[in-house]
Amino acid sequence: MHFFSCNPDSTVSKSHSPISVSQPSFLTVPHSPSLNPRLAALSLSLPCLCLLPRRRHRHRLDDLSLPLFLSGCSDSLPFLSLRTVSESSPINMSLGYAEKLSYIEDVGNVGMVEHFDASHLLREKIERLAIMIKKSKHLVVFTGAGISTSCGIPDFRGPKGIWTLQREGKALPEASLPFHRAMPSLTHMALVELEKAGILKFVISQNVDGLHLRSGIPREKLAELHGNSFMETCPSCGVEYFRDFEVETIGLKETSRRCSDEKCGARLKDTVLDWEDALPPKEMDPAEKHCKQADIVLCLGTSLQITPACNLPLKAIRGGGKVVIVNLQKTPKDKKAALVIHGFVDKVIAGVMDQLNLQIPPFIRIDLFQIIIMQGLSLDKRYVNWTLQVASAHGQKATLPFIKSVEVSFLDKEDYKAAILDRQPFRLKRRTAYNKAFEMVLKLNFGDGCGCSSLEIDVPVDFKGSTDCFNFDKDFIFQKLREKAVIESKCGQNDVIERKTILTPRGDVTTYAIVTNLVHHSKTSKSSPDSRSNGDLKRRKPSFNGTGSSGKRSKVSKCKSRS
């Protein structure tokens, strides 16, 4: 089973500097006679035809990976949940997106038959594709929902697709993992390696799951045609913010947060399109440019039915390039393709990487959190009223989705009482003598989908002292943590990346980075075949290391506030 990681580098400049930052599949709705067509449509994710005045902006957003998750349903609504189509555990998706979609009836053809190439034919096609890629000078990859099904994010039109099952009135099993913890598949990580090797020039995605960005594809080499469920953007200065939580709105609406640039401060907007929204030129223009330049456009896991996006790969043909399609269902563009492969995307790409003698890099998730200590002197200046908060690095109005609870204890147990913070905001208020230094031990208990169950951090406090402020190079810290995670073959590694002082009210803010997942993807192209497909493989769970408690505390330099 794959999970999903938050990009630690939450801000992307408007010049599209790279973001560094990782899933399973299949959705279910216990059938209810009371589920009317409108609610049924809203319970899906981006899948219908929207007619707009200009053809360029007429699109059906059904080839996407979308969040769909109902938490706290009322009795009047049937329960919606997600499950993977693979053998791995499912992930919860948020209905927050789906229930805000405008109503539309036409979801197009569903129940599309899956086809599997014979084993020997599949091997021949993989070898042919590898040769084409090796000779390619400008490779572009065009992805759809099929690239994320092995991550637990459902497709729509297949035999077990969302709309297929709903149209048949079939229920979907309950989900077990949150959407924000989904992680990139073998294919996502293979594309990262191809890009680093200089082979892959550009990625065009119809999905809104954010997995290409989280996997490590540079932002300037990625077009997300239908948006990103984890991205906010500033309409004023253009800065993008990649979050570790799912943004609460869709349809390019204002969110509850503002741009962190002191010179701007404009209210941010989500980036996911609603039915009537036009494809943004910011994404479409570079996608068209690279398709025209491409000698190969490799289409992975897409039915190629959604216009105008489905016509992008054909622009390569007009320029003398070729189109290759890897999909389990037939597509309307098959006749124009130089090569069509019917097989699981992960299996095909694993085989290509074998042929190219390229390794698939591990996915390493790094999350951020802050420890904030605010203080105020009593009137007689003998005591300090202080507040501890374990908070999100994405702003005061953001939750910490990967931390379940915080246990606070003190080395001096006689003077201080321990506490358990089990609801957000994780905040503790205490009063101590001004001249009394002490040391807290914070045990962070992580939520579902994290590779380590907990982490302990020592936090020395001396209100009479002064705070050493610093801001380390994030990229350097992240790279050091990744290397250490690979060497130790586990997660839980952490480091301080920034400490700053707040003057009003007085306090200190320390930002930490921690490795919460390490996923190795083994190549499966040489494994034994699956009986349900002619030579294709059962989907395996990737190797997860560091599933227990990290077992060590992070000894932090003293956090001393100015008096």
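Higher on the page you've got the structure.
Calculation rules
Residues numbered from 1 in each chain as written. Predicted model: local features only at pLDDT ≥ 70, side-chain atom pairs only at ≥ 80, totals over all residues. Heavy atoms only, no water. Helix = DSSP H or I, 4+ residues; strand = E, 2+ residues; numbered from the N terminus. Buried < 20%, exposed > 50% of the residue type's maximum accessible area, 1.4 Å probe, protein only. Areas by Shrake-Rupley, 256 points an atom, 1.4 Å probe, with all protein chains shown as cover. Contact = heavy atoms within 4.5 Å. Pairing = 2+ DSSP bridges. Core = buried A, V, L, I, M, F, W, Y, C linked by side-chain atoms within 4.5 Å. 1 Å grid on protein atoms, 1.4 Å probe; cavity = no way out; pocket = protein on both sides within 12 Å on 5 of 7 lines; lining within 4 Å. Points joined across faces, edges and corners; volume = space filled by probe spheres on them. Nonpolar A, V, L, I, M, F, W, Y, C, P; charged D, E, K, R; others polar. Polar contact = N/O pair within 3.5 Å; in protein donor to acceptor, adjacent residues only side chain to side chain. Axes fitted to C-alpha atoms, helices over the stretch in contact; angles between N-to-C directions.

Engineer: An account of the overall build of the protein is needed here, citing residue identities and associated values.
Structural biologist: Helix and strand counts for the protein come out as 10 helices and 29 strands. Each of the 563 residues in the protein was classed as buried or not, and the buried ones make up 60%. Here the protein has roughly 22900 Å² of accessible surface; of this, 49% comes from carbon and sulfur atoms.

Engineer: Outline helix α5 (residues 186-196), supporting the account with residue identities and numerical values.
Structural biologist: Burial within α5 is extensive, with 9 of its 11 residues counted as buried. Among all positions in α5, only L186, T187, H188, M189, A190, L191, V192, L194 and E195 are buried. Where α5 is buried, its residues meet β7 (139-143), β9 (200-205), α6 (211-215), β15 (296-300), α9 (345-356) and β18 (363-377). At the exit of α5 stands G198, carrying a positive phi of roughly 85°.

Engineer: Just give me the short version of the pairing of strand β19 (residues 383-391), but keep the residues and values in it.
Structural biologist: Within β19, 7 of the 9 residues are buried, which leaves the element mostly enclosed by the surrounding structure. Direction of pairing for β18 relative to β19: antiparallel, over a ladder of 8 bridges. Pairing of Q375 across the sheet is with W386, part of β19. Pairing geometry for β19 and strand β22 (residues 426-433), over 8 bridges, is antiparallel.

Engineer: I'd like a rundown of the nonpolar core, residues and numbers included.
Structural biologist: L129, I133, L139, L194, L200, L298 and I349 are the most contacted members of the largest nonpolar core, which has 47 residues in total. Excluding its chain neighbours within four sequence positions, the residues that come into contact with L298 are L129, I133, L139, V140, V141, F142, V324, V326 and I349. Within the second largest apolar cluster, 46 residues are counted, among which are L368, F410, F438 and F463.

Engineer: Please give an account of empty space enclosed by the protein that cites residues and values.
Structural biologist: The computed volume of the second largest cavity comes to approximately 30 Å³. If you trace the second largest cavity, you find it lined by I133, L191, L194, L298, I349 and V352. Going through the elements one at a time, α5 and α9 are the ones with two or more residues in the lining of the second largest cavity. Split into classes, the residues belonging to the lining of the second largest cavity amount to 6 nonpolar, no polar and no charged.

Engineer: A description of the layout of surface pockets should follow, citing residues and the corresponding values.
Structural biologist: Counted as a void, the largest pocket has a volume near 1200 Å³. For the largest pocket, the lining is made up of 38 residues, of which Q370, S392, A393, G395 and Q396 are closest to its centre. Counting only elements with at least two residues in the lining of the largest pocket, the list comes to β13 (254-258), β18, β19, β22, β26 (494-502) and β27 (507-520). Tallying contributions element by element places β19 first for the lining of the largest pocket, with 5 residues. Here the residues of the lining of the largest pocket are counted per class, giving 16 nonpolar, 14 polar and 8 charged.

Engineer: Pulling in residues and values, what's your account of the environment of K253?
Structural biologist: Considering the arrangement of structural elements, one finds K253 in the loop between β12 (240-242) and β13. With a relative accessible area of 40%, K253 lands in the partly exposed category. C-alpha separation for the pair K253 and L273, spaced 20 residues apart in sequence, amounts to 9.6 Å. A distance of 2.8 Å separates the side chain of K253 from the backbone oxygen of I250, its partner in a polar contact.

Engineer: How would you summarise the sheet that holds β9 if you had to cite specific residues and measurements?
Structural biologist: Here we have 6 strands laid out as an open sheet, ordered β10-β9-β7-β15-β16-β17, and parallel in their pairing. Only two strands of the sheet have a single partner each, and these edge strands are β10 (222-224) and β17 (339-341). The average undirected angle you get between the axes of adjacent strands in this sheet is 15°. Examined bridge by bridge, β7 and β9 share 5 bridges and lie parallel to one another. By the bridge assignment, L139 is partnered in β9 with L200. Across the sheet, helix α3 (residues 119-135) is in contact with β7, β15, β16 (322-326) and β17; its angle to β17 comes to roughly 130°. Across the sheet, helix α7 (residues 281-293) touches β7, β9, β10 and β15, and the angle it forms with β9 is around 135°.

Engineer: Quick one: what's the story with unusual backbone geometry, residue by residue and with numbers?
Structural biologist: A cis amide bond links Q424 to the next residue, P425, at an omega of 0°. By the element assignment, P425 lies in the loop between β21 (419-421) and β22. Along the chain, T504 connects to P505 via a cis peptide bond; the corresponding omega equals -15°. Its location among the elements puts P505 in the loop between β26 and β27. With phi around 60°, L252 is a residue other than glycine that occupies positive phi space. Turning to its location among the elements, L252 is positioned in the loop between β12 and β13. Assessed through its relative accessible area of 35%, L252 is described here as partly exposed.

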